[in-house]
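Here are the chains, one letter per residue:
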Amino acid sequence: MTDAPTRIHVAGSAGTAPYDVLVGRQLLGELPGLVGDKAKRVAVLHPEALAETGEVLRQDLTDQGYEAIAIQVPNAEEAKTVEVAAYCWKALGQSNFTRTDVIVGVGGGATTDLAGFVAATWLRGVRWIAVPTTVLAMVDAAVGGKTGINTAEGKNLVGAFHPPAGVLCDLAALDSLPVNDYVSGLAEIIKAGFIADPAILELIEADPEAARSPRGPHTAELIERSIRVKAEVVSSDLKESGLREILNYGHTLAHAIEKNERYNWRHGAAVSVGMVFAAELGRIAGRLDDATADRHREVLASVGLPVTYRGDQWPKLLETMKVDKKTRGDRLRFIVLDGLAKPTVLEGPDPAMLLAAHAEIAA
C-alpha cells in the first residue's frame with residue numbers, strides 16, 4: 001500500500017478555476033478522476049524520450065473508456081516551436097477534439113509548456129492536466145498556468161496564462177532521471193529557498209550530496225516546499241501584475257544565457273548563474289548583505305550547479321535582456337533581495353552596476 005499523496009491547493013484567480021497539485025508515488029490512478037466524465041477524448045502529449053510512458057497513459061485512459069490518442073513531440077526545447085504546436089493542432093482537429101475534451105502533457109518543463117499552450121489556443125481554451133516527470137517541471141513549469149513557446153527572438157515570448165485542471169507529480173519518475181537533469185531542477189528549488197522559504201536552504205546545506213539524488217531523505221519535502229512557495233504566489237497573482245514577479249529571481253540573465261547558448265544549456269544551470277548575478281547586483285546596489293550574497297554561490301556550487309559564465313559574452317547578454325518579457329519599455333527590471341526571503345524589484349539599474357555584477361560571475 002502506498003502513502004496517500006500530498007495535495008497542494010492552488011487557488012483560482014483572474015476568473016480561473018482552482019486546482020490541486022498531487023505529490024507522491026504511483027499516481028496514475030488519479031488521472032481519470034481529473035479528466036472527468038464530460039470528456040470523451042483525451043490527447044496524451046509526450047516527448048519522443050517518453051514514448052513508452054505516453055503509451056502506458058494512453059492505454060490506461062482507453063481502458064477507462066476514453067478515446068485516447070498519443071501525440072509525440074520532439075524532446076526538450078525543440079518541442080517549443082510554432083511548427084510543433086501546429087502539428088499538435090492538426091492532430092486535435094483530425095481527432096474531432098471538442099471543448100469538453102482534455103489534453104494531458106507528460107514530460108519535462110518544455111513539454112508541459114507546450115501542452116498548456118496548445119490547450120490554451122485550441123478552441124480558445126480546453127482543459128489540460130500536467131504530468132511532470134522532472135524536478136524542474138514539478139516545481140516550476142507545471143504549476144502556475146504560464147504556457148508558451150519560443151521564437152527566434154527569445155524564450156517564451158509567445159504564450160498564454162492557462163492553468164491546468166490538475167498536476168500529478170509522481171516522484172517515481174525522478175528515479176531514472178539523469179543526475180545532471182535532476183541537479184538542474186535543484187536551481188528552482190534553491191530559488192524558492194532564497195525568495196520565500198529558507199528551510200529549503202538549510203535542508204540542502206545539511207547534506208548537499210543527498211540533495212543531488214532523488215533517493216535522498218528530503219526529496220519529497222524539498223519538492224513540496226517549492227511547490228507551496230509557487231502555489232501561494234500564483235494563487236494571489238496569476239498574471240504577473242505584482243507579487244508573481246518574484247518567481248523570476250535569477251531568470252532575466254538566465255533566459256539571455258539560454259538564448260546565447262542556443263538552448264543547449266539546461267534551464268537550471270542558467271538560473272543558477274542568474275541568481276548569483278542577481279545576488280551580486282543586490283549587494284552592489286546596497287540592498288543585500290554579504291553573507292546572504294555569498295550563500296548563493298556556496299549553496300549552488302555545493303550541489304554541482306555552475307556559478308560563472310563566459311565573460312566575453314556580456315554585450316550579447318545585455319542586448320537579449322532588453323527584449324525580455326520582464327522589461328518595461330526599455331527599462332530593465334531585476335528581482336533582487338533586500339535580505340533573505342525579502343525579494344523586491346530593482347528597476348533601471350545603472351549600466352555600471354550591471355557591469356560590476358557581471359564581472360563577479362565572469363569566468
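As the structure is a computational prediction, the values presented were derived from the model and not from experiment.

Attention shifts here to the domain arrangement of the protein. Where interface size is given, it is often the accessible area lost as the parts come together that is meant. As far as domains go, the protein holds domain 1 (6-174) and domain 2 (179-213 + 215-360). When each unit is reduced to the centre of its C-alpha atoms, the spacing between domain 1 and domain 2 is 26 Å. Between domain 1 and domain 2, the residue contacts involve 33 residues of the former and 29 residues of the latter. At the boundary of domain 1 with domain 2, total buried surface from both sides reaches about 2800 Å², with 68% on carbon and sulfur atoms. It is Val-139, Lys-155 and Phe-161 that lose the most area in domain 1 upon contact with domain 2, and together they represent 21% of the buried surface on that side. The interface formed by domain 1 and domain 2 contains one salt bridge. Of the charged contacts in the structure, one is a salt bridge between Asp-140 and Lys-230, with a shortest N-O distance of 3.0 Å. Along the contact surface separating domain 1 from domain 2 lie four residue pairs in polar contact (both at pLDDT 80 or more). Secondary-structure elements contributing two or more residues to the side of domain 1 that touches domain 2 are strand 1 (6-10), strand 2 (19-24), helix 5 (135-141), strand 7 (146-151) and strand 8 (154-161). Considering every element that reaches the side of domain 1 that touches domain 2, the biggest residue donor is helix 5, with six residues. Class assignment for the residues of the side of domain 1 that touches domain 2 results in 19 nonpolar, nine polar and five charged.

Time to look at the sheet that holds strand 9 (residues 166-170). The seven strands are arranged 1-2-9-6-5-3-4 in an open sheet whose pairing can be described as mixed. The strands lining the two open edges of the sheet, one partner per strand, are strand 1 and strand 4 (67-73). When the angles between neighbouring strand axes are averaged without regard to direction, this sheet yields 15 degrees. Strand direction decides the pairing type here: strand 5 (residues 102-107) and strand 6 (residues 127-132), joined by six bridges, are parallel. Following the sheet pairing, Gly-107 is matched in strand 6 by Pro-132. Sitting on the sheet, helix 2 (residues 51-63) touches strand 3 (41-47), strand 4 and strand 5, and the angle it makes with strand 3 is about 170 degrees. In the packing of helix 9 (residues 219-236) onto the sheet, contacts are made with strand 1, strand 2 and strand 9, and the angle to strand 1 comes to roughly 20 degrees.

Attention shifts here to unusual backbone geometry. Not every positive phi belongs to a glycine, and Leu-123 is a case in point at roughly 55 degrees. A relative accessible area of 35% means that Leu-123 is categorised as partly exposed.

The next subject is the UniProt feature "binding site: NAD(+)" (unreviewed entry) in the protein. UniProt's feature table lists "binding site: NAD(+)" (unreviewed entry) at Gly-109, Ala-110, Thr-111, Thr-112, Asp-113, Thr-133, Thr-134, Lys-146 and Lys-155, given in the numbering used throughout. Locating Ala-110 in the fold gives a position in helix 4 (residues 109-121). Considering the arrangement of structural elements, one finds Thr-133 in the loop between strand 6 and helix 5. Given the relative accessible area of 12%, Thr-133 is considered buried. Every residue in contact with Thr-133, bar those within four places of it in the chain, is listed here: Leu-50, Val-106, Gly-107, Gly-108, Met-138, Ala-173, Leu-174 and Leu-177.

Rules and cut-offs
Residues numbered from 1 in each chain as written. Predicted model: local features only at pLDDT ≥ 70, side-chain atom pairs only at ≥ 80, totals over all residues. Heavy atoms only, no water. Domains from an automatic or database assignment. Contact = heavy atoms within 4.5 Å. Buried area = accessible area lost by both parts, 1.4 Å probe. Salt bridge = Lys/Arg side-chain N within 4 Å of Asp/Glu carboxyl O. Polar contact = N/O pair within 3.5 Å; in protein donor to acceptor, adjacent residues only side chain to side chain. Helix = DSSP H or I, 4+ residues; strand = E, 2+ residues; numbered from the N terminus. Nonpolar A, V, L, I, M, F, W, Y, C, P; charged D, E, K, R; others polar. Pairing = 2+ DSSP bridges. Axes fitted to C-alpha atoms, helices over the stretch in contact; angles between N-to-C directions. Buried < 20%, exposed > 50% of the residue type's maximum accessible area, 1.4 Å probe, protein only. UniProt positions renumbered as here; feature names shortened; annotations may be inferred.

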